[in-house]
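Understanding the architecture of this molecule
Chain by chain, the residues:
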Amino acid sequence: MNTGDFENHLRDGEGLTVEFKRCGNQPEKDTFETICSFANRQGGVIFLGVEDDGQVTGVLEHAVSDIERNIVNIVSNPDCFNVAPTFEFEEISYEEKTVLRVWIPMGPTVYRYKGRIYDRIADVDVRVTSDTQISALYLRKSAQYSERKVYKYFEREDIRTDLIDRARKMALARTPKHPWGEMSDNELLRSSSLYLRDRETGEEGYTLAAALLLGTDEVIADLCPSYVTDAIVRKENLDRYDDRLLVKTNLIEAYDLLFYFAQKNLPDRFHLENGHSVSARDIIIREVVSNLLAHREYLSLYPAKLVIDNDTLRTENASRSIFEGRLTLNDFNPMPKNPVIADFFAQIGRADKLGSGMHNLVKYTEIYADGSPELVEGDFFKTSIPIRKNVLAEAKISLMPYDPNTIHSIADAIEAMLNGLGYATPAEIAKMSGLSSKTAKRHLAAMMEQGILVAEGTTRDRKYRRK
């Protein structure tokens, strides 16, 4: 490592793959916790002789050999580490001080230091204790895709023929000369890698992907008992929910259920693209739901979630990732979590080529919400799509059932809005009554003083509800 690279690390500070440690004659105990966490995550570099704030204090030059020997002895000691992580040393001379660089690559197994598992979250070494976290860590280390698991007693009658027919028609509608059109059902299943031979055990059979895509609800529950997508709307009842849908069926029908659930609970906003009217909302929902179903770890005990509130459309699902952190178009390297399911979705038009989904989310979220989506990768993949608040209000107002001929006063307008939407805003009250926003605010404030209404939100986005 040259001086420029080292200074860049000092400037950027600690993070997912960088840790600074002060060091006397011997490394502290937390150095080995970091070695364990780096080996369990995606690897990293420890700089011994650097303070947390990036100040270089160095290590005693005569003690470097002893420090290296101590690290080797502890890492190789089976009473300390269950499996010895790989690491390398490098001495760095900087401003007449010596810094010892310890590089640890990601390892193939789950590492424990003194019987405890450590994982790297942001710039912190976190002790992993819950079954869900440990399960996610083992899944991340696994070299096999869980979707390809072969089940010996998963029979042909456990697959719904009507779903195969529907998938074939969807593929042909998208590509008129699609090869599935000439295939039998069994040929379609084999060509889609839904029927495989396990090259390690020699067993042949249908896979977990086959069950999730085309299986009956019974076989899905048997093979993947923790599979569920919990869709929730929280707009008025923030303590519980206004609407809820638990989805446990095959992924083709699950997509439809989740798409229409989000569609009915989100306002639309069309825009012209190449002379045609396009629904930015529907494109966003398509990408979000497709990603939620095609790129999650189905053997995890963690349920997937889709939540709609007054500010965002959010999803969260178990993942099998190496990288952790927020994704941007500049550093986005798409990695399929379930390549078989993702390819099947692409064939039937539920997804495009890998990586296009994020580009679509960025493009159409800017159109729909005047904002940017947030996608965070980790053991749990999280998506957050902002909802432009005045779009939500405008969409509701336009659908609110009231007769303009019944609005004779500002009190009538307030009552109509409270009955139709459950809240009132000064701007809409002014529009409905033909008076100024200042007058509307004065009436609403008076109703607050009388204990009839309460206010929510900031001054700019304030809503008034019945107390």
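Everything numeric in this text was worked out from a predicted model, so none of it was measured.

Rules used in this analysis
Residues numbered from 1 in each chain as written. Predicted model: local features only at pLDDT ≥ 70, side-chain atom pairs only at ≥ 80, totals over all residues. Heavy atoms only, no water. Helix = DSSP H or I, 4+ residues; strand = E, 2+ residues; numbered from the N terminus. Buried < 20%, exposed > 50% of the residue type's maximum accessible area, 1.4 Å probe, protein only. Contact = heavy atoms within 4.5 Å. Areas by Shrake-Rupley, 256 points an atom, 1.4 Å probe, with all protein chains shown as cover. Lys, Arg positive; Asp, Glu negative; His and termini not counted. Charge placed at Lys NZ, Arg CZ, Asp CG, Glu CD. Axes fitted to C-alpha atoms, helices over the stretch in contact; angles between N-to-C directions. Nonpolar A, V, L, I, M, F, W, Y, C, P; charged D, E, K, R; others polar. Pairing = 2+ DSSP bridges. Expected span 1.5 Å × (residues − 1). Polar contact = N/O pair within 3.5 Å; in protein donor to acceptor, adjacent residues only side chain to side chain. Core = buried A, V, L, I, M, F, W, Y, C linked by side-chain atoms within 4.5 Å. Phe/Tyr/Trp six-rings, centres within 6.5 Å; stacked < 30°, edge-to-face > 60°. pLDDT = per-residue confidence, 0-100.

**Re the overall build of the protein**
A count of helical and extended segments in the protein gives 16 helices and 21 strands. Its C-alpha atoms put the protein at 90 × 65 × 40 Å along the principal axes. Taking all 467 residues of the protein together, 51% fall into the buried category. Taking as baseline every contact in the protein between residues at least 6 positions apart, the subset at least 24 positions apart corresponds to 64%. For the protein, the computed accessible surface area is about 23,200 Å², with 48% contributed by carbon and sulfur atoms. Taken together, the 60 basic and 72 acidic charged side chains of the protein have centroids lying 5 Å from each other.

**Remarks on the packing of helix α10 (residues 280-294) against helix α11 (residues 339-347)**
Contact geometry of α10 with α11 gives a least axis separation of 9 Å together with a crossing angle of 145 degrees. In this structure, α10 contributes Ser290, Leu293 and Ala294 to the contact, and α11 contributes Ile341, Ala342 and Phe345. Within the contact of α10 with α11, the residues separate by chemical class into five nonpolar, one polar and no charged.

**Considerations on the sheet that holds strand β3 (residues 88-94)**
Pairing is mixed in the open sheet, where four strands are placed in the order β1-β2-β4-β3. Bordering the open sheet on either side are β1 (18-21) and β3, each of which pairs with just one other strand. Put simply, the sheet's adjacent strands are angled 20 degrees from each other on average, direction ignored. As paired strands, β1 and strand β2 (residues 44-48) are joined by four bridges and run parallel to one another.

**Concerning helix α9 (residues 251-265)**
An ideal rise of 1.5 Å per residue puts 21 Å on 15 residues; α9 measures up with 21 Å between its terminal C-alpha atoms. Along α9, the residues classified as buried are Leu251, Ile252, Ala254, Tyr255, Asp256, Leu258, Phe259, Phe261, Ala262 and Asn265. Between a side-chain oxygen at the N-terminus of α9 and the backbone nitrogen of Ile252 the separation is 3.2 Å; the capping residue is Asn250.

**Some remarks on the sheet that holds strand β10 (residues 204-207)**
Pairing in this open sheet of three strands is antiparallel, and the strands run β8-β10-β9 from one edge to the other. The open sheet is flanked by β8 (150-151) and β9 (195-197), the only strands paired with a single partner. Where β8 meets β10, two bridges bridge the pair, whose relative direction is antiparallel. Residue pairing for β10: Val150 is matched across the bridge by Thr207.

**Points about the environment of Val102**
Checked against the element boundaries, Val102 lands in strand β4 (residues 97-104). Considered as a pair, Val102 and Leu196 are 94 residues apart in the sequence and their alpha carbons are 43 Å apart. Apart from residues no more than four positions distant in its own chain, Val102 is found in contact with Gly44, Val45, Ile46, Leu48, Ile71, Phe87, Glu88 and Phe89.

**Structural notes on the pairing of strand β6 (residues 116-121)**
Here two bridges tie strand β5 (residues 112-113) to β6, and the two strands are oriented antiparallel to one another. Following the sheet pairing, Arg112 is matched in β6 by Ile117. What sits between β5 and β6 in their antiparallel hairpin is a turn of two residues, with Lys114 showing a positive phi close to 55 degrees. Pairing of β6 with strand β7 (residues 124-128), which is carried by five bridges, proceeds in the antiparallel orientation. Of the residues in β7, the one forming a bridge with Ile121 is Val124.

**Considering the side chain of Asn360**
Inspection of the secondary structure assignment puts Asn360 in helix α12 (residues 356-369). Looking at Asn360, the relative accessible area reads 19%, which means it is buried. If sequence neighbours within four positions are ignored, Asn360 has contacts with Ile283, Glu287, Asp352 and Thr365.

**Description of unusual backbone geometry**
Among all residues except glycine, the phi angle is most often negative; among peptide bonds, the trans geometry is most common. Notably, Glu96 is not glycine yet its phi reads approximately 65 degrees, a positive angle. Here Glu96 shows up in the loop between β3 and β4. Non-glycine residue Ser193 carries a positive phi angle of around 60 degrees. Relative accessible area serves as the criterion here: at 25%, Ser193 is assigned to the partly exposed category.

**Remarks on the nonpolar core**
Counting 70 residues, the largest nonpolar core has Leu214 and Phe344 as its most contacted members. At nine residues, α10 tops the list of elements feeding residues into this core. Membership of the second largest hydrophobic core comes to 24 residues, among which are Cys23, Val75, Phe87 and Ile104.

**Let's talk about the packing of aromatic side chains**
The geometry of an aromatic ring pair comes down to the distance between the two centres and the angle between the two planes. Throughout the structure, instances matching the rule amount to 14 aromatic pairs. Measuring from centroid to centroid gives 4.8 Å for Tyr195 and Tyr206, while their planes differ by 80 degrees, and the two rings are edge-to-face. Of this pair, Tyr195 sits in strand β9 while Tyr206 sits in strand β10, and the two are eleven residues apart along the sequence. The exposure classification of Tyr195 matches that of Tyr206, with both residues buried. Through a chain of ring-to-ring contacts, the aromatic side chains of Phe6, Phe20, Phe47 and Tyr94 assemble into a single cluster.

**So, the confidence of the model for the protein**
Across the protein, pLDDT averages 86, with 91% of residues at or above 70. Mean pLDDT per element in the protein: helix α13 (residues 389-399) is the minimum at 48, and helix α7 (residues 208-214) is the maximum at 96. In the predicted structure, residues 391-399 sits below a pLDDT of 50 and forms 17 contacts with residues beyond four places in sequence or in another chain.

**Observations regarding the environment of Ala209**
Secondary-structure assignment places Ala209 in helix α7. Through-space distance from the C-alpha of Ala209 to that of Phe344 is 9.6 Å; in sequence the pair is 135 residues apart. Residues within four places of Ala209 in sequence aside, it is in contact with Glu147, Leu194, Val340 and Ile341.

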